[in-house]
Amino acid sequence: MSASDLTLDDIGLPIATCSRCGGCGHYSYNTRDGSRCYGCNGGGTQWTAASKKQFALLTADRTAANSVLAVDVKIGDVLRLGSRNWFTVVAIRESDTQIQFDGAKRSAGFHKTSTVELRRPFDIKPYVAAAVATEIKKIARAEAKANKGGSK
Ligand SMILES: [Zn+2]
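In this convention, every chain numbers its residues from 1, walking through the sequence in written order. Where totals are concerned, whole chains, interfaces and linings use all residues; where local detail is concerned, this predicted model gives features only for residues with pLDDT of at least 70, and gives and counts side-chain atom pairs only at 80 or more.

Trainee: I keep staring at the sheet that holds strand S5 (residues 45-47) and nothing clicks. Help me out?
Mentor: Two modes of strand pairing occur in sheets, parallel and antiparallel, and in both the strands are linked by backbone hydrogen bonds. Strand order in the open sheet formed by three strands is S1-S2-S5, with antiparallel pairing between adjacent strands. A single partner strand is all that each edge strand has here, and the edge strands are strand S1 (7-8) and S5. Two strands pair under a simple rule: DSSP has to find at least two bridges between them. Under the DSSP-based scheme used, a helix requires at least four consecutive residues in state H or I and a strand at least two consecutive residues in state E, with every element numbered from the N terminus.

Trainee: Where do I start with unusual backbone geometry in this structure?
Mentor: Glycine aside, residues mostly have negative phi, and peptide bonds are mostly found in the trans state. One non-glycine residue, Asn-41, lies in positive phi territory at about 55°. Turning to its location among the elements, Asn-41 is positioned in the loop between strand S4 (34-36) and S5.

Trainee: Can you help me understand the packing of helix H1 (residues 49-66) against helix H2 (residues 125-148) in this one?
Mentor: For any two helices packed against each other, one specifies the inter-axial angle together with the distance between the axes. Packing of H1 against H2 leaves a shortest axis separation of 9 Å and a crossing angle of 160°. Here H1 lies roughly antiparallel to H2, going by the angle between them. Here H1 and H2 pass one another in a crossing that is right-handed. On H2, the residues touching Ala-50, Ser-51, Gln-54, Leu-57 and Leu-58 of H1 are Tyr-127, Ala-130, Ala-131, Thr-134 and Glu-135. Each residue receives one of three labels: charged for Asp, Glu, Lys and Arg, nonpolar for Ala, Val, Leu, Ile, Met, Phe, Trp, Tyr, Cys and Pro, and polar for the others, Gly being one of them. Looking at the contact of H1 with H2 residue by residue, the class counts come to six nonpolar, three polar and one charged. Axis angles are defined between N-to-C directions and span 0 to 180 degrees, where every axis is a line fitted to C-alpha atoms and, for a helix, only to the segment in contact. An angle below 35 degrees is read as roughly parallel, one above 145 as roughly antiparallel, one from 65 to 115 as roughly perpendicular, and any other as oblique. Note: crossing handedness is left-handed where the near helix turns anticlockwise from the far helix by less than a right angle, and right-handed where it turns clockwise. Contacts are defined on C-beta atoms placed from the backbone: any two residues whose C-beta positions lie within 7 Å are in contact.

Trainee: What's the story with the sheet that holds strand S11 (residues 107-111) in this structure? I'm lost.
Mentor: Spatial strand order, S9-S10-S11: three strands in an open sheet with antiparallel pairing. The open sheet is flanked by strand S9 (91-94) and S11, the only strands paired with a single partner. If you compare each strand with its neighbour and ignore which way they point, the axes differ by 20° on average. When S9 meets strand S10 (residues 98-102), the two strands line up antiparallel, connected through four bridges. When the bridges of S10 are listed, Ile-92 appears paired with Phe-101.

Just distances and angles here, no functional claims.
Listed below in structure tokens is the structure:
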């Protein structure tokens, strides 16, 4: 194993052979999912610890960066309503304490000081780079240890 053996997923995060099934995608059988492995969802690979850590950081940072006060929302922002619905703000009306956002198909009122979640592009490259760097360091350490112990 060397740094060049690093396998990456489609967003560039390091992945490794699934530790549960050993990469075959199958594990113990049950009637609902057959023998599909729950470690890798049948794909045979899973994120490394560094990938999981960086993805968690990314999610937390993105959530923090996209949480804004209702008064700071602008026309054109994509705002989350409820757990799944997003709409683009096309008009904003303000009263003393409330702000009304109009989307193309619906509208919603928020208290001015409410925190709302926007959908904005977020750069994932630094997180991917950090996960790759951690993985490469880990491989280098393992190699150094193996060389120290003599050839096997
Ligand atoms: Zn698996």
